[in-house]
Amino acid sequence: MEYTEPDMGLKMNNRNLIISDDATNALQAGAPLVALESTIISHGMPYPKNIETALQVEQVIRENGATPATIAIVQGKLRVGLSPKEIYYLANKGQNVIKASRRDIPFLIAQNKDGATTVAGTMLIAAMAGIRVFATGGIGGVHRGVEQSMDVSADLEELAKTNVAVVCAGVKSVLDIPRTIEYLETKGVPLIGFQSDELPAFYTRSSGFKVDYRIDKPRHIAEAMKVKWQLNLKGGIVITNPVPEEYALDAQEIEAIISSAISEMNQLGITGKATTPFLLETIADKTAGRSLDTNIQLVLNNAKLATQVAVEYAQLNFNQEH
Ligand code: PSU
Ligand code: MN
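Here the residue numbering is sequential within each chain, running from 1 through the sequence in written order. Chain labels run from A onward and ligand labels from 1 onward, assigned in the order the entries are written. Per-residue local features are limited, in this predicted model, to residues with pLDDT of at least 70; the limit for side-chain atom pairs, both in listing and counting, is 80 or more; totals at the level of whole chains, interfaces and linings are taken over all residues. In computing side-chain values, all of the structure's heavy atoms are included and hydrogens and water are not.

A few words on the site of ligand 1. For this description, a residue counts as near a given molecule or strand if any of its non-hydrogen atoms is within 4 Å of it. Near ligand 1 there are 16 residues, and of these E37, K99, S153, D155 and K172 occur at the shortest range. Taking V119, its main chain carries an N or O atom lying 2.8 Å from an oxygen atom of ligand 1. Measuring from an oxygen atom of ligand 1, one finds a side-chain N or O atom of D155 at 2.7 Å. Burial of ligand 1 by the surrounding chains reaches 94%, relative to a free accessible area of 470 Å². Secondary structure elements follow DSSP: runs of H or I of four or more residues count as helices, runs of E of two or more count as strands, with numbering from the N terminus. Among the elements of the structure, helix 2 (39–42) and helix 12 (275–286) are those that each provide at least two residues to the shell around ligand 1. Each residue is assigned to one class: nonpolar for Ala, Val, Leu, Ile, Met, Phe, Trp, Tyr, Cys and Pro, charged for Asp, Glu, Lys and Arg, and polar for all the others, Gly among them. Among the residues forming the shell around ligand 1, the class breakdown is four nonpolar, seven polar and five charged. We define a polar contact as two N or O atoms separated by no more than 3.5 Å, with the added condition that, inside protein, one atom must be a possible hydrogen donor and the other a possible acceptor, whereas residues neighbouring each other in sequence contribute only through side-chain atom pairs. In short, Shrake-Rupley with a 1.4 Å probe defines the accessible areas, and a residue's cover is counted only from the protein chains shown.

Right, dumping it as structure tokens:
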């Protein structure tokens, strides 16, 4: 069966999209690439750990045999593959950069602005470039208190329609984990546990909730991705990768800290796009930085798995063509 990547052609005549030379070469060669988001740099971690981590994550991807492509909007252009200098710029500007999800993109382009892309924003730009695998720390989801706030991350909607596999460390309990699982089910987004029957909860390896499919080998994840998109079943896949044991935090301790951070947030009246950055920062303060160390380690671990999946996925496509 003839198979062409569904939205590969888009990049050819999209003057708003700039793909780095490294990423262009890898795409043309059918070599593996891994996309990386930039909100995690600007809003997810404080300076200078954010820049250190962003560069280290790229290094892990290269060492494991793929090309990293950090994605952001710079001066109104959708950029796939940033230079270290550009990554530094976003890291240094921190929360002064606009956190850019799907809704923000047209305005940032029209006004020549910068934007740090969330999981949703990164997925859609990665797909335009033809990149199928993306590594991050945590995805957005259904927030606790959704009955009042209706706060459901645009990341979940993007997963429903954009063909990118996202490797993350599960769903953090700042979110409503069972409702996030239900939402993904409704939208037809597969939830995979890498070598795990349970959905990991970001800072901890387990949540008490089951994943749809436990898969133990990157090869088998790549095969499912290929079949899904060959069948034109649109949308992403969530690949959850438990934090390495030695960096996991104590479940009860982190749960108490998360609950108190959420209460503080509600008292301060923080809503909308400010919630996730506020919670990450408050949790890091309350754990004296231990949650940040865990966050960094799980991102590196996810970059490694994403690379393995990207290598297998590229191999499957190569075998088909030759
Ligand atoms: N979770 C993290 N770190 C992060 C984010 C989530 O542990 O940096 C960021 C990601 O960019 C994610 C976004 O896409 O927060 C979700 O924001 P919201 O809930 O406003 O959709
Ligand atoms: Mn939200």
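A word on a nonpolar patch on the surface. Candidates for patches are residues over 30% relative accessible area with no salt bridge; among them, like charges are joined within 9 Å and nonpolar side chains (Val, Leu, Ile, Met, Phe, Trp, Tyr) within 5 Å. Every case where a carboxyl oxygen of Asp or Glu lies within 4 Å of a side-chain nitrogen of Lys or Arg is listed as a salt bridge. A surface patch of nonpolar side chains, about 290 Å² in accessible area, is lined by V227, L231 and L233. With respect to the helices and strands, L233 occurs in the loop between helix 10 (218–230) and strand 11 (237–240).

Definitions used throughout: a 1 Å grid over protein atoms alone; a cavity as a set of points that fits a 1.4 Å probe which cannot get out; a pocket as an open set with protein on both sides within 12 Å along at least five of seven lines; a lining residue as one with an atom within 4 Å of a point. Grid points are joined across faces, edges and corners, and a volume is the space filled by probe spheres set on the points. Across all of its chains, the model carries one cavity of 30 Å³ or more by this definition. Estimates place the volume of the largest cavity at around 120 Å³. Forming the boundary of the largest cavity are 13 residues, of which I40, I41, A54, V57 and V299 lie nearest the centre. Secondary-structure elements contributing two or more residues to the lining of the largest cavity are helix 2 and helix 3 (49–63). For the lining of the largest cavity, the element with the most residues is helix 3, which contributes four residues. Across the lining of the largest cavity, the residue classes tally to eight nonpolar, four polar and one charged.

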